[in-house]
Amino acid sequence: ARKITFPEEVINELRVRGYSIKKIKNYSELNTKTDVAIILIKKKNTLAYHWMCFPVDRNILSFFGENTVLKEIYLIVK
């Protein structure tokens with residue numbers, strides 16, 4: 001559990017650096033040309049979680065193959 005980075009830790013760190021965070025419900029709401037977001041995914045039926053960066057990481061929805069579950073999306077706003 002020492003290796004876990006919780007969403008609150010990531011959000012607080014970004015806020016300290018002057019960013020606002022907006023929680024997004026759907027991946028389709030993100031625009032690859034204008035948005036930057038961090039996305040928490042997990043492997044279905046496991047405790048395997050992974051943070052990804054949008055739009056840099058291209059395989060967000062297929063990272064764990066068909067077992068990829070999108071958990072949370074945080075849009076980063078300057």
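Refer to the preceding data block for the structure.
Residues numbered from 1 in each chain as written. Predicted model: local features only at pLDDT ≥ 70, side-chain atom pairs only at ≥ 80, totals over all residues. Heavy atoms only, no water.

## What to know about the overall build of the chain
- Looking only at helices and strands, the chain features one helix and four strands.
- Scanning the chain from its N terminus toward the C terminus, one meets helices and strands in the order α-β-β-β-β.
- Taking all 78 residues of the chain together, the buried fraction comes to 29%.
- Across the chain, contacts joining residues at least 24 apart in sequence account for 55% of those joining residues at least 6 apart.
- A total accessible area of about 5800 Å² is found for the chain, and carbon and sulfur atoms account for 51% of it.
- Counting 14 positive and 8 negative side-chain charges, the chain places the averaged centre of each group 1 Å from the other. (Helix = DSSP H or I, 4+ residues; strand = E, 2+ residues; numbered from the N terminus. Buried < 20%, exposed > 50% of the residue type's maximum accessible area, 1.4 Å probe, protein only. Contact = heavy atoms within 4.5 Å. Areas by Shrake-Rupley, 256 points an atom, 1.4 Å probe, with all protein chains shown as cover. Lys, Arg positive; Asp, Glu negative; His and termini not counted. Charge placed at Lys NZ, Arg CZ, Asp CG, Glu CD.)

## Thoughts on unusual backbone geometry
- The omega torsion of the bond from F54 to P55 falls at 5°, within 30 degrees of zero and hence cis.
- One can find P55 in the loop between β3 (49–54) and β4 (68–77).
- Not every positive phi belongs to a glycine, and N45 is a case in point at roughly 65°.
- Relative to the helices and strands, N45 is located in the loop between β2 (37–43) and β3.
- For N45, a relative accessible area of 74% gives the class exposed.

## Structural notes on the packing of aromatic side chains
- Applying the stated rule across the entire model yields three aromatic pairs.
- The interplanar angle of 40° and the centroid separation of 6.4 Å between the aromatic rings of W51 and Y74 together place this pair among those described as tilted. With W51 in strand β3 and Y74 in strand β4, this residue pair connects regions lying 23 residues apart in the sequence.
- Exposure remark for Y74: the relative accessible area of 6% places this residue in the buried category. (Phe/Tyr/Trp six-rings, centres within 6.5 Å; stacked < 30°, edge-to-face > 60°.)

## Here's the deal with helix α1 (residues 7–16)
- When we look at burial in α1, the residues that qualify are P7, V10, I11 and L14. Projected down its long axis, α1 shows its buried positions confined to an angular sector of 95°, all on one face. With respect to the buried face of α1, the exposed residues turned more than 90 degrees away are E8 and V16.
- Contacts from the buried residues of α1 go to β1 (20–24), β2, β3 and β4.
- Two residues or fewer after α1 comes G18, characterised by a positive phi angle close to 95°. (Arc of directions from axis to C-beta.)

## A look at the nonpolar core
- Counting 10 residues, the largest nonpolar core consists of I24, L30, A37, I39, I41, M52, F54, I60, I73 and L75.
- Counting only elements with at least two residues in this core, the list comes to β2, β3 and β4.
- A total of three residues in this core trace back to one element, the largest contributor, which is β2.
- Not counting residues up to four positions away in its chain, the partners in contact with I24 are E29, L30, I73 and L75.
- I11, L14, I21 and I38 belong to the second largest nonpolar core, which has seven residues in total. (Core = buried A, V, L, I, M, F, W, Y, C linked by side-chain atoms within 4.5 Å.)

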